[in-house]
Amino acid sequence: MIFNERDQELRDLGYQKHAFNMLISNCLGSHRDVPDTRNAACKDKTYPADPPVASVVICFYNEALSALLRTVQSILDRTPAWLLHEILLVDDDSDFDYLKGELDEFAQKHLPGKIKVIRNTKREGLIRGRMIGAAHATGDVLVILDSHCEVNVMWLQPLLAAIREDRRTVVCPVINIISADTLAYSSSLVVRGGFNWGLHFKWVLVPLPELGGLEGATAPIKSPTMAGGLFAMDRNYFNELGQYDRGMDIWGGENLEISFRIWMCGGRLFIIPCSRVGHIFRKRRPYGSPEGQDTMMHNSLRLAYVWLDEYKERPDLRIRSHGNISERVVLRKKLGCKSFKWYLDNIYPEM
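Note that the coordinates shown come from a computational prediction; the quantities given were computed from them, not determined experimentally.

**Student:** For this particular structure, what's the right way to read the overall build of the chain?
**Tutor:** Helix and strand counts for the chain stand at eleven helices and twelve strands. Against the globule reference of 20 Å for 351 residues, the chain gives a C-alpha radius of gyration of 20 Å, in line with a compact fold. Taking contacts inside the chain between residues at least 6 apart in sequence as the whole, the part at least 24 apart equals 80%. In the form shown here, the chain has an accessible surface area of approximately 15400 Å², with 53% of it arising from carbon and sulfur atoms. Side chains of the chain carry 44 positive and 43 negative charges; the gap between the two charge centres is 4 Å.

**Student:** Would you explain the packing of aromatic side chains in this entry?
**Tutor:** Aromatic ring pairs are reported here in terms of the distance separating the ring centres and the angle at which the planes meet. Scanning the model with the defined rule gives 15 aromatic pairs in all. Measuring from centroid to centroid gives 6.4 Å for Trp197 and Phe340, while their planes differ by 70°, and the two rings are edge-to-face. Of the two residues, Trp197 sits in the loop between strand E8 (192–195) and strand E9 (201–204) while Phe340 sits in helix H11 (residues 340–346), which places them 143 residues apart along the sequence. We classify Trp197 as partly exposed; its relative accessible area is 38%. Judged by relative accessible area, which is 0%, Phe340 ranks as buried. Ring pairing ties together the aromatic residues Phe195, Trp197, Phe260, Tyr311, Phe340, Tyr343 and Tyr348, which thus form one cluster. The residue whose ring lies beneath Arg123 is Tyr61, and the NZ or CZ to ring-centre distance is 3.9 Å.

**Student:** Honestly, helix H4 (residues 101–109) in this entry has me stumped. Any pointers?
**Tutor:** Helical periodicity: at 3.6 residues per turn, an α-helix aligns residues three or four positions apart in one direction. Along H4, the residues classified as buried are Leu103, Phe106 and Ala107. With its buried residues spanning 100° around the axis, H4 presents them on a single face. In H4, those exposed residues whose orientation departs by more than 90 degrees from the buried face are Glu105, Gln108 and Lys109. Considering only its buried residues, H4 is in contact with strand E1 (54–60), helix H3 (65–78), strand E2 (84–91) and strand E3 (115–119). Of the residues trailing H4, Leu111 is marked for its positive phi of about 50°.

**Student:** How should the side chain of Asn255 be read in this particular structure?
**Tutor:** Looking at the element boundaries, Asn255 is found in helix H8 (residues 254–264). Contacts of Asn255, omitting those with residues within four sequence positions, involve Phe201, Met226, Ala227 and Gly228.

Rules and cut-offs
Positions within a chain are numbered from 1, following the residues in the order the chain's sequence is written. Whole-chain, interface and lining totals are the exception, using all residues; otherwise, since this is a predicted model, local features are given only for residues with pLDDT of at least 70 and side-chain atom pairs are given and counted only at 80 or more. Hydrogens and waters are ignored; side-chain quantities use all the structure's heavy atoms. By the criteria applied, helices consist of DSSP H or I runs no shorter than four residues and strands consist of E runs no shorter than two, each listed in order from the N terminus. C-alpha atoms define the radius of gyration, and 2.2 Å times the number of residues to the power 0.38 defines the globule rule. By definition in these notes, contact holds between two residues if any of their heavy atoms fall within 4.5 Å. Computed by Shrake-Rupley with a 1.4 Å probe, the accessible areas treat only the displayed protein chains as cover when residues are assessed. Positive charges come from Lys and Arg, negative ones from Asp and Glu, while His and the chain ends are left out of the count. In plain terms, the charge of a residue is placed at NZ if it is Lys, CZ if Arg, CG if Asp and CD if Glu. Within 6.5 Å between ring centres, the rings of Phe, Tyr and Trp (the latter by its six-membered ring) count as paired, and their orientation is classed by plane angle as stacked under 30 degrees, edge-to-face over 60, tilted in between. For every residue, the accessible area (1.4 Å probe, protein chains only) is compared with the maximum for its type, and the residue is labelled buried under 20%, exposed over 50%, or partly exposed between those bounds. Remark: a charge is flagged as sitting over a ring if the NZ atom of Lys or the CZ atom of Arg is within 6 Å of the ring centre and within 35 degrees of the ring normal. What the arc covers is the set of directions going from the helix axis to the C-beta atoms.

So far we have only geometry, and geometry alone does not tell us how the molecule works.
Set out below in structure tokens:
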């Protein structure tokens, strides 16, 4: 709703800086109720009384303060305190003043022992920013979230239960849709992650055989890839598996790289239908990369030359530089990872 010129300016500024309606976001404030979008069968499930505890890592750059605070507040509102070890907010050298003092004040006011703000002194990008957050984390499980999310009812327990059962299982919630225009929170189809040969992530339908298990609508769904912004994994396993590729820049491709690495190197990747987290789906990225670099291409080249074996042979890739990948090649050998052909045959035969 626009009542005056100031409202119009705020709405336009929000789309320009954040690619969503900041006027509505600010009006919503840091707390709101959201609909429980889980399947009814999820409400009958019980979870272990002794799960691992979680360190939630949220990396942000020039985020709208209202969206960031609502992300944090939703975690505090809908997560049992005994499961939440800490929330680590990694500021990737943001430009906006309100992400400094006001954010620090919020952290001090709300559970100062659990909310910690980490300030990068230069822009590292989302990939290395998450690695910095993970290095500060001390909980059993790392939970990675984007900075414009709202977690739903009982979102964390199903993720922790799956990791408790097998520490080499990496899990993702079903991602609900928060409209970039209206901020309305709505349910979404249960789909899984795939990719195309341009190495772009895409959502794909779950094959029927994957839906017919004994647990029905609550059963974990095997996913060839993850979207990347929302997942949980054992913290020590994250380190053992090689974290992220530090040679990747800013954003792009890291989700496919870690997905291939999980499956090819002995882990498992699942979507957990009883865990739901809302995410603002923006129509564009509101910020670029330093010096205008095509980080998606750079990062995709790195993952291709480490993980795709003979499937990387495209003439247009040979003339581009991807930097030194020797450490990642050594990591692959050290972990005893399978071939990419094995991945295609066994994990993503529909490709």
